[in-house]
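Listed below, chain by chain, are the residues.
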Amino acid sequence: MSDDLRSGGPRAKRTRVDDRLTDPGFLVHADPGQVTALLDAASGPAARLAAAVYRTSAHLHRDTTAGVRRQLLALDAARYGDRELSARISAVAVQDEPAAGWGVEWATGSLLDSRFRHTLASDFRKVSALATTVVDGRVCVLTGAADDTVRVWDLATGEPVGRPLIGHVYPVCAVATAVVDGRVRAVTGGADETVRVWDLTSRQQIGDPLIPHTGWLQATAVVDGRVCAITHGLDKTVRMWDLATGEEVGDPLIDDTGWVRLMATAVVDGRPCAVIHSGYGDDETVRVWELTTGQRIGGPLTSHTGRVCGVTTGVVDGRACAITSSDADPVRVWDLATGEQVGDSLISHADWMRVAAVVDGRVRIVTSDDKRVRVWDLATGEQIGPEAVFPLPVHAVAMVPDGRLVVGFGHEVAVLARR
């Protein structure tokens, strides 16, 4: 402890410790060992909260730069419900680094000390699936988690909307949304091998659960005017289910190359299609199926040299495209009408591709590794701003049309906005 903190009486010492701990610049820049030595001496409410925030990721602060420490502290302050402290930390300048690229709008804090957590109390487990939608005029985030529940959060405030949706008896591993007969529905898939449909206004399950096959919910799509859930599984099939009736639509698609690993949907020349990666081992091909006829379209999309680890779809320059990534080479873009690769492979990284979204008319790609999330401009292949760093592994990511990120990390959820 420095000499200025040792001098004076006990009250003066407490005041000086509290002044240090409530200074965001000190938390970001000071040697972590020096900060940690002061944490137990915090006395005032603000200092005790700052100490709790610092302790949350103290094991990481020792081995990170001030820029990364700034991100982690801002996130942990939001996890404790103190958005003002989070914003003050994000505003701290760090030498030789740009201003913080992401501000934390809110975050849950299910693993934190409840004595200091202001809001967002929750007890759910690992967040494995995310989706966004509009419910009764509010933009909401839906989370599926390992505690078998689906929860709805107000994107603007971070407050839970109603009680959790309870019905699955094993972890929820997929969440999608759709509008059926003018009402917003959530479609959820669990490790209990069921698909359930929920009315998000009444918060009631609609009908009996669908028990499609040994597998998982992947997406929703409109097929022949019917809103359908698309499921895939270890039995090498892709099936469609009418969300209005609960009935299976048509015959299953059977892919004899192996069990389905990844899938996304798109509309190509007015035809609903599924873009599927399936196979065994290190198979690196992606195939396109027309959902109405159940037939493959063209040959496989193949040029990756490593294992395919991401498949999504988007509209690039007016063309319906598939976007694929592997663990060994850059992201590739494919014109789904011609099956040809579009342009050069631009984005080079070793991350998992999570989602594609259109923001301000430009396609954004979101990737993540264990604890870092990056956003890329698909047209230029350039990373947009600095990466976002998390203290726990990232399991799910969604992007809102205005560019905000919703990230499921560990047991928590956070919403980040560009600063």
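In this text the structure is predicted, and so the values were computed from the model without any measurement.

Cut-offs used in this document
- Residues numbered from 1 in each chain as written.
- Predicted model: local features only at pLDDT ≥ 70, side-chain atom pairs only at ≥ 80, totals over all residues.
- Heavy atoms only, no water.
- Helix = DSSP H or I, 4+ residues; strand = E, 2+ residues; numbered from the N terminus.
- Buried < 20%, exposed > 50% of the residue type's maximum accessible area, 1.4 Å probe, protein only.
- Areas by Shrake-Rupley, 256 points an atom, 1.4 Å probe, with all protein chains shown as cover.
- Core = buried A, V, L, I, M, F, W, Y, C linked by side-chain atoms within 4.5 Å.
- Contact = heavy atoms within 4.5 Å.
- Salt bridge = Lys/Arg side-chain N within 4 Å of Asp/Glu carboxyl O.
- pLDDT = per-residue confidence, 0-100.

## A few points about the overall build of the protein chain
Here is step 1 of the chain: Looking only at helices and strands, the protein chain has eight helices and 27 strands in total.
Here is step 2 of the chain: The buried share among the 419 residues of the protein chain stands at 55%.
Here is step 3 of the chain: Only carbon and sulfur atoms are counted for the fraction: they give 49% of the accessible area of the protein chain, which is about 17,600 Å².

## Some remarks on the nonpolar core
Inside soluble globular proteins, nonpolar side chains tend to come together where they are buried.
Here is step 1 of the chain: Formed by 26 residues in total, the largest nonpolar core has its most connected members in Leu21, Leu27 and Val35.
Here is step 2 of the chain: Only helix 2 (10–21), helix 3 (24–29), helix 4 (32–39), helix 5 (45–56), helix 7 (66–79) and helix 8 (83–90) provide two or more residues apiece to this core.
Here is step 3 of the chain: With seven residues, the single largest contributor to this core is helix 5.
Here is step 4 of the chain: Other than its neighbours up to four places away in sequence, leucine 21 contacts Phe26, Leu27, Val35, Leu38, Leu39, Ala42, Ala47, Ala50 and Ala51.

## As for the pattern of salt bridges
Pairing of side chains with opposite charge becomes possible as their charged atoms draw close.
Here is step 1 of the chain: Evaluated as defined, the whole model comprises 17 salt bridges.
Here is step 2 of the chain: Counted as one network, the salt bridges with shared partners bring together Asp76, Arg79 and Glu412.

## Looking at the confidence of the model for the protein chain
Low pLDDT marks stretches whose predicted atomic positions should not be read closely.
Here is step 1 of the chain: Across the protein chain, the average pLDDT comes to 84, with 88% of residues at 70 or higher.
Here is step 2 of the chain: Taking the mean pLDDT of every element in the protein chain, the minimum, 55, falls on helix 1 (residues 3–6) and the maximum, 97, on helix 3.
Here is step 3 of the chain: Every residue in residues 117–123 scores below 50 in pLDDT, and together they form 25 contacts with partners more than four places removed in sequence or on other chains.

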